[in-house]
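# Summary of structural features
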Amino acid sequence: MERRFIESVRFPFREVSEASAVEKGPGRPPHWEMVFWWTRKPLISARAVIAGCLLPEDTNPANFLRSIGIVVKKRRADGRPVFEKSPHRVKPMLRFDGIRLLDPFACFGSIPLEGLRLGLKVTACDLLPVGYIFLKAVLEYPVKYGRQLIKDVKKWGEWVAQRLKEDPLIRELYEDDVAVYIGSWEIKCPHCGRWTPLVGNWWLARVKDREGYKRLAWMEPRIVGNKVEIRIRDLNKELGDKAIRKAKVEGLKVTVNGKEFRVPESNIEARRELATCLHCNQSIMQIDPETGKHYTNTKNLPEPIKNRLEGYVKFALKLYNKAYGLEESIPIPARIGEIPVRLRLLVKVKVQDGNLIFESCSEEDQEKLENARQEIKKLLQTNDPDVPRERISPYSVRYLFPILYGINEWYKLFNPRQLFTLIKLTKLIRDAGKRIEKEKLEEFDEGNAFTFAEAVTVYLAIALISMADFNSITSRWAPHAWTKVNRAFTHRGIAMIWNWCDVSPLHKYIGTWNNCLQNVVDGIEYLVSAFCNTFGSYDGKKNLNRNLKVLLDDATTLIKLGFEEKVDVIITDPPYYDDVPYTELSDFYYVWLKRVLSDVYDNRLIPRFLPEAFFEKINDDWVEVLTQWEKYSLNEVSLNPARLGLNAKLKDGIMHFQNLLNSAFITMTSKLQNDGLLVTYYAHTDPDAWKALLEAGWAAAGLQVSNAFPLTTESAQSVVKQGKLSMDTSIIVVWRKGGQGSIEASQLYEEMVNAATGRARELMNMGAVGRDLVIGTLAASLATATKYREVRVMGKINTKTLVDKYIYPATYLGLARALAKKADLRNNIKSPDAMFYLLVKSILAGAKKKVLESTDLRLFSIGTSLDLNTAIKLRILKAKEKEPGAKVAKAKTLTLVEPTSAERSKIAELLEARGINPANPKLRCTIDALHLIEYFAITYSREQFRHKLEELRVNYPAYVEEALALARIMARILPSNDPEKGLSARVVEYLAPAPGRLTSFIEEEGENGDREPG
Ligand SMILES: C[S@@+](CC[C@H](N)C(=O)[O-])C[C@H]1O[C@@H](n2cnc3c(N)ncnc32)[C@H](O)[C@@H]1O
Ligand SMILES: [Zn+2]
């Protein structure tokens, strides 16, 4: 079985990581701007992985990088590379014609896209209709139709814009020169009965660049009679741009030339169910929904009432949403009288010569919104099928927060005007689709005219869903950003917000139809040019589906693939544990895509384009699939117990996920040629997520790990600078068929330690640090273990035991041994605290502060058997001090307690902080001994030091021996900017018989930290 380059330790994953990092910034692939999607893989990483799977093991790394397009022009002072152009834009010089590639979790298609560029025969599949449609848009249509698409998408997008502009209703709804309306909710105060807006953030602009502030503006409430009016404070206008440059902003306090201004405080704190009335200043808190009575003090209330209480704001919004568009048919509690919440427009934004002009909204503006509400009412009364009334998955409260406020159907995520416009566009695009088909009949045969119309309509539909993302009541106005309209989607789902944006669809600003259309056109342009080399001309007939198959299929079964069909490589990126609930979130897109791409008959949606995505064939009928969550959620390979029902526990969710992941691996393995490679990207670093992966790939599917490495889209420099291991990292695991036999765990352990030690040394010689070093070393243990089908202690042990008791410890011991070898010393670090300390110091070498996040902590703790509570009690680790004013709870992190300077006073402080009294030391562990000995070395003369040391040795012989061994290793391996290098060097020097000799050796070593000593 011929080994491939990706299985070699020389595979240049760090250079590939650097090139991938470019795709996180301005070098992003343009087609990603078409629409938001989660966890898209950098194209250049996909290219490197594919090519690495197909080239022989002894490929020259430098040639490899050049041939896939990674050419570093120069390096910046901090070591970061500069590329001529983003590497994904460079045409690869390699081709692998005829090789078959499968990506069963393909979605936005980074892996298949690069596969096509390299000449492979590609099958891309996704479970979800939304993913399937994106695969068509990213891969199939550009391959099939090439440049012609660009022209027609532009032309028909403009046709839609023109129709929208001519629509008399739309014209009435927006003022011509307004780009964005900023609105919020307004609530009826339960104390004074007046309406008060709820404003989460009064800032309108707080934009800064290197030279200081560029734009400062905010809103202020002004009470006029019974109304809260909005006044604009625009400091640029008041004081001039120049003065603003020197402004100081601390929270809500703004100081310019000694003059102080105050931005108003937010009057809504949803988490605490607290709002403040801007008229009477009283707190708006909780309501008893049964009686309609409002309470600010609930302490002495009887239990039954207490249990019924609900946040007033939440209660009001729920009522509003229940009635939205159906006002007449919803009963209102008598005591409340009317729905106590309504939408309020606050400010309108105009754009003049690139500058933003803010004006307060007027009664007429408000009226426009109300007119739209009347239109929505009509649509609902006539059962218009273009209002997306599908249910939002009710169990998704953890990541679709608006559900908590009664937003339980998708249309409720939009205010009436946003909704009306989106519906109008839906109808127009549907109409365009028909016209395109008719027009193309003059050029193409019937089938092709239809699919071409399908292609163009799909792109227009994508522009529409992107626009919806910028135009909902959860699309935030972001004062500090240059692009101020934020999407509703964030990485974690959809949050509930108070200041939303309502964009004029025909303006040129971000989130408008024109803008979203332009992003789509730019995306197609890039995609077409990407395929240019591969396909030369775009003669549709010749290349039609020649190299590409896009499937709507489930990776756990792959029934559409053909029973006998086998592929040469599978490269894929399954969902990561509990990271993104794709099914439920992307219903946001699904409900619109379905409408635009289907036809309407008799007030129902009926199949038109891609019916397989939106309808189910039952007997001879097409039945509409209402939402993705109702059909697909139980098949999505991710951890989400809520899908299993109200009573499901985490462990049920884990079991369900594991079953699906196992099936996916078993199915993939069955589709793979015997000597083929399977490569998985995995971005979750939780040790449990790892076990799940190993359980599926090794235990269930019988594969062995042949290599693993991290692809970090963060540079090694920033790892050191921030002193954190876990950042944006995907772990690539390379799998093969062919594990055999069984082994005793103890024997395996020895084998793994040896393999890990060897691999860690190789990696250190290559200059690997941080997670690169840990994962690279872990790979050697994994490869060793999975060579066998079974590991035994008495009987067969399970994956969890194997990983926790053998694989992690062997890896960390291997790392420690490699460090000792690097320092040219016998390995004599054994105790958990010493091993932990040494590993953290050397793996995060050079970082000023060494911060470990919970997943890394667990890894290190399992790997070194150091209990974290013990480590905190021993004050080897400490919790981070709370940042003042930080509202959002940060992920739990712990910092290593270590010397921050080689000054005597600082070491004394360190001892005090760690609870060690140098006059009368009581030692609890090796690290106590180490820090104390370092203190002695910096405090006393050589003779005194030796004397002190002997005293200590009498009471704590083992701690002292190990501490001295640690000092010897650290003196050699720590980088010169670590103060503990000098400290431990002094210790070593005082121990040595001939003074001076070692010090000079160490200084030399410091310059060449990577070199093998001796
Ligand atoms: C991490 S994403 C893939 C991203 C992709 N590699 C890219 O670069 O754009 C995982 C995808 O797996 C899909 N998926 C989840 N369960 C699936 C299943 N059972 N079969 C096929 N696809 C599935 C999700 O819809 C999601 O699009
Ligand atoms: Zn009031």
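Details of the structure are given in the entry above.
This one's a predicted model, so the numbers in the text were calculated from it and none came from an experiment.

Quick look at the state of the cysteines now. What is meant by a disulfide is a covalent connection between two cysteines, made through their sulfur atoms. Throughout the structure, instances matching the rule amount to zero disulfides. Cysteine cysteine 125 shares no disulfide, and the gap to the nearest cysteine sulfur, in cysteine 107, comes to 11 Å.

This paragraph deals with the packing of helix H2 (residues 43-54) against helix H4 (residues 110-117). Interaxial distance between H2 and H4 falls to 8 Å at its minimum, and their mutual angle equals 60 degrees. Regarding the angle of H2 to H4, the classification is oblique. When you trace H2 past H4, the crossing you get is right-handed. Contacts between H2 and H4 pair Leu43, Ala46, Arg47 and Ile50 from the former with Ser110, Ile111, Leu113, Glu114, Gly115 and Arg117 from the latter.

Moving on: the pairing of strand E28 (residues 615-618). Of the pairings in the sheet, the one linking E28 to strand E29 (residues 621-624) comprises four bridges and is antiparallel in character. Across the sheet, lysine 617 pairs through a bridge with tryptophan 622, a residue of E29.

Before going further, it helps to examine unusual backbone geometry. Negative phi values dominate among residues other than glycine, just as trans dominates among peptide bonds. Positive phi values are uncommon outside glycine, yet leucine 610 reaches one of about 45 degrees. Secondary-structure assignment places leucine 610 in the loop between strand E27 (604-606) and helix H19 (611-614). At asparagine 619, a position not held by glycine, the phi torsion is positive, near 50 degrees. Overall, asparagine 619 belongs to the exposed group, its relative accessible area being 72%.

Here three strands make up an open sheet; going across it, the order is E17-E16-E18 and the pairing antiparallel. The outermost strands of the open sheet, each flanked by one partner alone, are strand E17 (293-295) and strand E18 (310-311).

Attention shifts here to a nonpolar patch on the surface. On the surface, Val397, Phe401 and Leu404 cluster together into a nonpolar patch covering about 210 Å² of accessible area. With respect to the element layout, valine 397 can be found in the loop between helix H12 (363-381) and helix H13 (416-440).

In spatial order, the strands read E13-E14-E15; together these three strands make up an open sheet with antiparallel pairing. Only two strands of the sheet have a single partner each, and these edge strands are strand E13 (268-269) and strand E15 (283-284). With two bridges connecting them, E13 and strand E14 (residues 274-276) associate as antiparallel partners. The residue bridging isoleucine 268 from the neighbouring strand is alanine 275, located in E14.

Ligand 1 sits among 24 residues. The nearest are Lys41, Asp126, Asp554, Ala555 and Asp573. Between aspartate 126 and ligand 1, the recorded distance is 2.8 Å, taken from a side-chain N or O atom to an oxygen atom. Its free accessible area being 610 Å², ligand 1 has 100% of it covered by the protein chains. For the shell around ligand 1, a count of residues per class yields 13 nonpolar, four polar and seven charged.

Another aspect to go through is the packing of aromatic side chains. Taken as a whole and assessed by the stated rule, the structure comprises 45 aromatic pairs. Here phenylalanine 936 and tyrosine 940 contribute two aromatic rings whose centre-to-centre distance is 5.9 Å and whose plane-to-plane angle is 50 degrees, an arrangement assigned as tilted. Judged by its relative accessible area of 2%, phenylalanine 936 falls in the buried class. For tyrosine 940, a relative accessible area of 23% puts it in the partly exposed group. One aromatic cluster in this structure is built from Phe36, Trp37, Trp38, Phe108, Phe134, Trp410, Phe414, Phe489, Tyr582, Phe588, Tyr589 and Trp592. Its end group placed over the ring of tryptophan 203, arginine 206 keeps NZ or CZ at 5.2 Å from the ring centre. Over the face of the ring belonging to tyrosine 405 we find lysine 314, whose NZ or CZ atom lies 5.8 Å from the ring centre.

Here we come to the packing of helix H32 (residues 942-955) against helix H33 (residues 957-973). Across the interface, H32 lies against H33 with an axial gap of 5 Å and an inter-helix angle of 130 degrees. Between H32 and H33, the interaxial angle falls into the category oblique. Contact with H32, carried on its side by Leu949, Leu952, Arg953, Val954 and Asn955, involves Pro957, Val960, Glu961 and Leu964 of H33 and no other residues of that element. In terms of residue class, the contact of H32 with H33 is made up of six nonpolar, one polar and two charged.

What follows concerns the coordination of the zinc ion (ligand 2). At this site the zinc ion (ligand 2) is bound by Cys189 (SG), Cys192 (SG), Cys277 (SG) and Cys280 (SG), with donor distances of 2.2 to 2.3 Å. Note that the zinc ion (ligand 2) binds four donor atoms; their angles at the metal cover 105 to 118 degrees, and the shape is tetrahedral. Within one chain, the residues donating to the zinc ion (ligand 2) are spaced in sequence as C-x2-C-x84-C-x2-C. Of this pair, cysteine 189 sits in the loop between strand E5 (178-188) and strand E6 (195-198) while cysteine 280 sits in the loop between E14 and E15, and the two are 91 residues apart along the sequence. Assessed through its relative accessible area of 2%, cysteine 189 is described here as buried. The exposure class assigned to cysteine 280 is partly exposed, which follows from its relative accessible area of 22%.

What follows covers the environment of tyrosine 132. Position of tyrosine 132 among the secondary structure elements: in helix H5 (residues 129-145). In this structure the C-alpha to C-alpha distance between tyrosine 132 and glutamate 744, which are 612 residues apart in sequence, comes to 46 Å.

Considering the arrangement of structural elements, one finds aspartate 573 in the loop between strand E25 (567-572) and helix H17 (582-585). Relative accessible area serves as the criterion here: at 14%, aspartate 573 is assigned to the buried category. Residues aspartate 573 and proline 104, spaced 469 residues apart in sequence, show a C-alpha to C-alpha distance of 8.4 Å. For aspartate 573, the residues in contact, after removing those within four places along its chain, are Thr39, Lys41, Asp103, Phe105, Ile111 and Tyr681. Looking at aspartate 573, its side chain comes within polar contact range of the side chain of tyrosine 576, at 2.5 Å.

As a further point, take H4. For an α-helix the count is 3.6 residues per turn, leaving residues at separations of three or four pointing the same way. Of all the eight residues making up H4, eight are buried; the element is thus mostly covered by neighbouring parts of the structure. Where H4 is concerned, the buried positions are Ser110, Ile111, Pro112, Leu113, Glu114, Gly115, Leu116 and Arg117. Downstream of H4 by a residue or two, glycine 119 has a phi angle that is positive, lying close to 90 degrees.

With that settled, the discussion passes to the environment of leucine 782. Among the secondary structure elements, leucine 782 is positioned in helix H25 (residues 770-786). Classification of leucine 782 as buried rests on a relative accessible area of 3%. Aside from chain neighbours lying at most four places away, what touches leucine 782 is Trp690, Leu694, Val705 and Ile807.

Rules and cut-offs
- Residues numbered from 1 in each chain as written.
- Chains lettered and ligands numbered in written order.
- Predicted model: local features only at pLDDT ≥ 70, side-chain atom pairs only at ≥ 80, totals over all residues.
- Heavy atoms only, no water.
- Disulfide = S-S within 2.5 Å.
- Axes fitted to C-alpha atoms, helices over the stretch in contact; angles between N-to-C directions.
- Helix = DSSP H or I, 4+ residues; strand = E, 2+ residues; numbered from the N terminus.
- Parallel < 35°, antiparallel > 145°, perpendicular 65-115°, else oblique.
- Left-handed = near helix turned anticlockwise from the far one by under 90°.
- Contact = heavy atoms within 4.5 Å.
- Pairing = 2+ DSSP bridges.
- Buried < 20%, exposed > 50% of the residue type's maximum accessible area, 1.4 Å probe, protein only.
- Patch = residues over 30% accessible without salt bridge, like charges linked within 9 Å, V, L, I, M, F, W, Y side chains within 5 Å.
- Areas by Shrake-Rupley, 256 points an atom, 1.4 Å probe, with all protein chains shown as cover.
- Salt bridge = Lys/Arg side-chain N within 4 Å of Asp/Glu carboxyl O.
- Near = heavy atom within 4 Å.
- Polar contact = N/O pair within 3.5 Å; in protein donor to acceptor, adjacent residues only side chain to side chain.
- Nonpolar A, V, L, I, M, F, W, Y, C, P; charged D, E, K, R; others polar.
- Phe/Tyr/Trp six-rings, centres within 6.5 Å; stacked < 30°, edge-to-face > 60°.
- Lys NZ or Arg CZ within 6 Å of the ring centre and 35° of its normal.
- Donors = N, O, S within 2.8 Å, 3.2 Å for Na, K, Ca; no water.
- Tetrahedral: all angles 85-135°; square planar, octahedral: opposite > 155°, others 65-115°.

Such coordinate-based values are descriptive only and should not be taken to indicate function.
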